[in-house]
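Structure at a glance
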Amino acid sequence: MTIGLRDLYYAVCTETDGAETYGTPKRMAEVMTADLSVKTADGSLYADDTLSESVTEFANATLKMGIKDLTPETTAEILGQTVDKNKVVWAGKNDEPPFIAVGFRAQKTGGRFRYVWLLKGKCKLPSEKYETKGESIKFNTPEIEAEFSTRKKDGRWKADFTGTEDEAAAKTWFDQVVEPAEAGGTEAEGTTTE
């Protein structure tokens, strides 16, 4: 159960020789909602009139983010668009969004947070709505969607940690995209990956 949402970050993901690396995380926008839906590939094998084998694997995930607004620079970077010297964002049919990681945290009860990094996805053009002013003030905010797949280097798609802000993983969560610890085959202190 979560009771809040904040700190939406992104980091550009670059793939070289089948291994992903990340740039320094940047604040994406003030976030209002984050709706993560996961698709799986399922298979069942029946033998001797009963279920003999059943396999469920991650296929992809879609994150819909309701945000306050995107700066021109952020819009251009996550959608593969260009910004001119006057800060005009130019969108074209040949724009190629880069892969990005998206991180955020959601408040839980008891002073804890759930920290999440989705590791490799591409953003789609955001939906926008414009409306004239009436007798009352109504805010129209954009929604942006990103589709995530697994990384080539290790098949992972998400890092997830629940704890307090004082724990080691929480203190550095948005400094860089988290990676599993190397030593002993264990995960980074205080972090888990799915």
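Keep in mind the model is a prediction, meaning the values are calculated, not measured.

1. A look at the nonpolar core
One finds L8, M28, M65, I78, V102 and I144 to be the most contacted residues of the largest nonpolar core, which totals 22 residues. Broken down by secondary-structure element, the contributors of at least two residues to this core are β1 (6-16), β3 (26-29), β5 (50-67), α1 (72-79), β8 (99-107), β9 (112-123) and β10 (143-148). The greatest single-element share of this core, amounting to four residues, is contributed by β5. Sequence-distant contacts of I144, that is, excluding residues within four places in its chain, are made with L63, K64, M65, I67, L70, I78, L79, C123, K124 and P126. Ranked by size, the runner-up nonpolar core spans 17 residues in total, among them A11, C13, A159 and V177.

2. A word on α1
Given 3.6 residues to a turn, an α-helix orients residues that are three or four positions apart in the same direction. Within α1, the full set of buried residues consists of T74, T75, A76, I78 and L79. One or two positions beyond α1, positive phi appears at G80, with a value near 70 degrees.

3. Let's talk about the state of the cysteines
Evaluation of the coordinates by the stated rule reveals zero disulfides. The thiol sulfur of C13 is not disulfide-bonded, and the nearest other cysteine sulfur, from C123, lies at 12 Å. The buried category is assigned to C123, whose relative accessible area is 5%.

4. Thoughts on the pairing of β10
Every second residue of β10 is oriented toward a common face, the buried set being I144, A146 and F148 and the non-buried set E143, E145 and E147. As defined by bridge partners, β5 adjoins β10 across six bridges and the pair is classed as antiparallel. Its bridge partner lying in β10, G66 is registered against E143. Looking at chain direction, β9 and β10 are connected through three bridges and run antiparallel. Looking at the pairing, K122 lines up with E147 of β10.

5. Topic: the packing of aromatic side chains
If you walk through the whole model with that rule in mind, you get eight aromatic pairs. A ring pair is formed by F113 and Y115, whose centres lie 6.1 Å apart and whose planes are at 55 degrees; its orientation type is tilted. The class of Y115 is buried, set by a relative accessible area of 2%. Feature note: the residues Y9, F113, Y115, W117, F161, W173 and F174 constitute an aromatic cluster, connected by ring pairs.

6. Quick word on the confidence of the model for the protein
Counting all residues, the mean pLDDT for the protein is 88, and 92% of those residues have values of 70 or more. Considering only residues more than four positions removed or in separate chains, one finds that residues 184-194, a stretch of pLDDT under 50, has 25 contacts.

7. Points about the pairing of strand β2 (residues 19-22)
Judged by which residues are buried, β2 turns out to be one-sided: E20 and Y22 face inward and are buried, whereas A19 and T21, on the alternate face, are not. Strand direction decides the pairing type here: β1 and β2, joined by four bridges, are antiparallel. Bridging across to β2, T14 finds its partner in T21. The turn joining β1 and β2, which pair antiparallel and follow one another in sequence, is formed by two residues; a positive phi near 55 degrees is taken by D17.

8. Examining unusual backbone geometry
With a phi close to 55 degrees, D17 is a non-glycine residue in the positive phi region. In this structure, D17 sits in the loop between β1 and β2. Non-glycine residue D48 carries a positive phi angle of around 50 degrees. Turning to its location among the elements, D48 is positioned in the loop between β4 (31-47) and β5. Judged by its relative accessible area of 76%, D48 is exposed.

Criteria and thresholds
Residues numbered from 1 in each chain as written. Predicted model: local features only at pLDDT ≥ 70, side-chain atom pairs only at ≥ 80, totals over all residues. Heavy atoms only, no water. Core = buried A, V, L, I, M, F, W, Y, C linked by side-chain atoms within 4.5 Å. Buried < 20%, exposed > 50% of the residue type's maximum accessible area, 1.4 Å probe, protein only. Helix = DSSP H or I, 4+ residues; strand = E, 2+ residues; numbered from the N terminus. Contact = heavy atoms within 4.5 Å. Disulfide = S-S within 2.5 Å. Pairing = 2+ DSSP bridges. Phe/Tyr/Trp six-rings, centres within 6.5 Å; stacked < 30°, edge-to-face > 60°. pLDDT = per-residue confidence, 0-100.

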